[in-house]
Amino acid sequence: MTEAILLVGGKGTRLRPLTVHTPKPMVPAAGVPFLTHQLARARAAGVEHIVLATSYLAEVFEPHFGDGSDLGLHLEYVTEEEPLGTGGAIRNVASRLHSAPGDPVLIFNGDILTGLDIPALVDTHRTSGADVSLHLSRVEDPRAYGLVPTDGSGRVTAFLEKPQTPEEIVTDQINAGAYVFNRSVIDTIPADRPVSVERETFPGLLADGAHLQGMVDSTYWLDLGTPQAFVRGSADLVLGRAPSPAVPGRCGERLVLDTARVAADAKLTGGTVAGPGSRIGAGARVEGSTVLRDAVIEEGAVVRDSLIGAGARIGARTVLDGAVIGDGAVIGADNELRDGIRVWCDAHLPDGSVRFSSDQ
Ligand code: GDD
Ligand code: MG
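What you see is a predicted model; the values in this text were computed from it and never measured.

**Q** Before we move on, could you go through the environment of G115 and cite the residues and values that matter?
**A** Mapped onto the elements of the fold, G115 is located in the loop between β7 (112-114) and α4 (118-128). Through-space distance from the C-alpha of G115 to that of P243 is 5.9 Å; in sequence the pair is 128 residues apart. Excluding residues that lie within four positions of it along the chain, G115 makes contacts with R41, T219, Y220 and P243.

**Q** Would you mind going over the sheet that holds strand β15 (residues 261-262) in detail, with residue names and values included?
**A** A sheet is described by the order of its strands in space; here 6 strands give the open sequence β15-β18-β21-β24-β27-β30, paired in parallel fashion. Each having just a single partner strand, β15 and β30 (348-349) make up the two edges of the open sheet. Strand direction decides the pairing type here: strand β18 (residues 279-280) and strand β21 (residues 296-297), joined by 2 bridges, are parallel. Residue pairing for β21: I280 is matched across the bridge by I297.

**Q** For the coordination of the magnesium ion (ligand 2), give the residues involved together with the corresponding values.
**A** By definition of the ideal shapes, a tetrahedral metal site with four donors has angles of 109.5 degrees and an octahedral site with six donors has angles of 90 or 180 degrees. All of the protein donors around the magnesium ion (ligand 2) are D111 (OD) and D223 (OD); their distances to the metal are 2.1 to 2.5 Å. Placement of D111 in the loop between β6 (104-109) and β7 and of D223 in strand β13 (residues 221-223) is noted, with a sequence separation of 112 residues between them. Accessibility classification places D111 together with D223 in one group, the buried group.

**Q** I'd like a description of the site of ligand 1, backed by residues and values.
**A** Taken together, 26 residues lie near ligand 1, and G110, E161, N175, E198 and D223 sit nearest. A distance of 2.7 Å separates a nitrogen atom of ligand 1 from a polar side-chain atom of E80. At the level of secondary structure, the elements contributing two or more residues to the shell around ligand 1 comprise α3 (85-92), β11 (173-182) and β13. Considering each element in turn, the shell around ligand 1 owes the most residues, 3 residues, to α3. Of the residues assigned to the shell around ligand 1, the class counts are 10 nonpolar, 8 polar and 8 charged.

**Q** Tell me about the pairing of β11, and name the residues and values.
**A** Taken across its 10 residues, β11 has 10 buried, putting it largely inside the fold. In this structure, β6 lies alongside β11, joined through 5 bridges in antiparallel fashion. Each bridged residue has a counterpart across the sheet, and for I107 the counterpart in β11 is Y179. Relative to β11, strand β8 (residues 132-138) runs antiparallel, the two sharing 6 bridges. Bridging from a neighbouring strand, L136 pairs with N175 of β11.

**Q** I'd like a rundown of the domain arrangement of the protein, residues and numbers included.
**A** For the protein, the domain assignment lists domain 1 (3-223) and domain 2 (253-357). Each side of the interface is counted separately: domain 1 has 10 residues, and domain 2 has 13 residues. Summing both partners gives a buried area of about 970 Å² for domain 1 against domain 2, and 72% of it is carried by carbon and sulfur. Taken as a group, P17, L18 and H21 account for 51% of the area that domain 1 buries against domain 2, more than any other trio of residues on that side. The interface formed by domain 1 and domain 2 includes 0 salt bridges. At the boundary of domain 1 with domain 2, the tally comes to 3 residue pairs in polar contact (both at pLDDT 80 or more). Grouping the constituent residues of the side of domain 1 that touches domain 2 by class yields 6 nonpolar, 2 polar and 2 charged.

**Q** So, the UniProt feature "domain: Mannose-1-phosphate guanyltransferase C-terminal" (unreviewed entry) in the protein: which residues are in play, and what are the values?
**A** The UniProt feature table records "domain: Mannose-1-phosphate guanyltransferase C-terminal" (unreviewed entry) at residues 252-353. What you have in residues 252-353 is 0% helix and 40% strand, and the ends, taken at the C-alpha atoms, are 36 Å apart.

**Q** Which residues make up the packing of aromatic side chains, and what values go with them?
**A** On inspection of all chains with the given rule, the structure shows 6 aromatic pairs. Relative to F202, the ring of F159 lies with its centre 4.9 Å away and its plane at 35°, an arrangement referred to as tilted. Here F202 lies in helix α6 (residues 197-207) and F159 lies in the loop between β9 (146-147) and β10 (160-161), a separation of 43 residues in the sequence. Residue class for F159 comes out buried when judged on its relative accessible area of 8%. Ring centres of Y179 and F181 lie 6.1 Å apart, and the angle between their planes is 65°; on these two criteria the pair is classed as edge-to-face. Overall, the relative accessible area of 0% leaves Y179 in the buried class.

Cut-off values and rules
Residues numbered from 1 in each chain as written. Chains lettered and ligands numbered in written order. Predicted model: local features only at pLDDT ≥ 70, side-chain atom pairs only at ≥ 80, totals over all residues. Heavy atoms only, no water. Helix = DSSP H or I, 4+ residues; strand = E, 2+ residues; numbered from the N terminus. Contact = heavy atoms within 4.5 Å. Pairing = 2+ DSSP bridges. Donors = N, O, S within 2.8 Å, 3.2 Å for Na, K, Ca; no water. Buried < 20%, exposed > 50% of the residue type's maximum accessible area, 1.4 Å probe, protein only. Near = heavy atom within 4 Å. Polar contact = N/O pair within 3.5 Å; in protein donor to acceptor, adjacent residues only side chain to side chain. Nonpolar A, V, L, I, M, F, W, Y, C, P; charged D, E, K, R; others polar. Domains from an automatic or database assignment. Buried area = accessible area lost by both parts, 1.4 Å probe. Salt bridge = Lys/Arg side-chain N within 4 Å of Asp/Glu carboxyl O. UniProt positions renumbered as here; feature names shortened; annotations may be inferred. Phe/Tyr/Trp six-rings, centres within 6.5 Å; stacked < 30°, edge-to-face > 60°.

Structure, rendered in structure tokens:
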């Protein structure tokens, strides 16, 4: 049996203000905390034991997921006193693993939505005889990721985290945030100090002649680290473009959670989610957006590709396009907010006070 470690301790800085009260993996995507999709996919691939490596807002995970039995999993939680980085976090949970030294252990970044064939990654690991295997994805602009060039046999030749210069952009293959480590390799990571698996462990293993194997595939892949990506990922789950056994209800244009109230002539399209207790007023149009718990969208508002925080209120006829509205914020009527604008939690914008548009 393969067991897994999930890295869920990051601060989610780029997702603020959504991550002010909620750690990134617990922000709802398609109606459930994003982490639920990763846990359900790991379970579907045969994983039974998962250790969550937590740090930022660690206290919210266990009350929600408990021992994992609702998902058919055995979950354990380990909290770092100080953030230990990705490698330090992996090493810090090693004592909870049951695997023998030669056994494969799966490791996942906690913010990736992907259709990765997990058993195929484990197979690649076994058949190549690697010490570590990595899921790789191809992206147009790799600068925000770890670059992972490979040779003709898929063996990793270098690891360049977040390249700074054009010369460093040697490939479009990036670290997709899912690994198989032999248990014995985890035990070689230094304990009790911060370690970056990307900047220290991978380059160090390569320098020592270890075998790192890459598995490139073209399946759905998205890092939900930015608000735009998060909204896109949630919509893709609802639309059925991103696979997850944990989407509540059938896939379609919209997902209306129990206790949400949507006016009969409101139009919800493009994978929009209306969270529990939310209210969408008459004539409102909401496209490709995530409306979290207890948020209100008043009549005639037009909301596109936006994220509306828990308990936030969007006034009548207000237009939002690519906006992020923090929990509890109140946007008055007749405003216009576009192009990635973020409104902080509990902020108040009076009626008709903002008209922001890129073509004005
Ligand atoms: N427990 C713990 N402690 N977890 C952490 C810590 C820590 O100190 N720091 C980060 N994490 C977790 C985050 O919660 C996230 O799930 C994962 O580790 C990766 O951190 P991110 O902050 O999301 O990193 P990134 O997106 O900039 O880059 C990483 O992911 C890319 C793919 O999306 C790297 O692994 C890149 O190489 C990779 O390409
Ligand atoms: Mg990330």
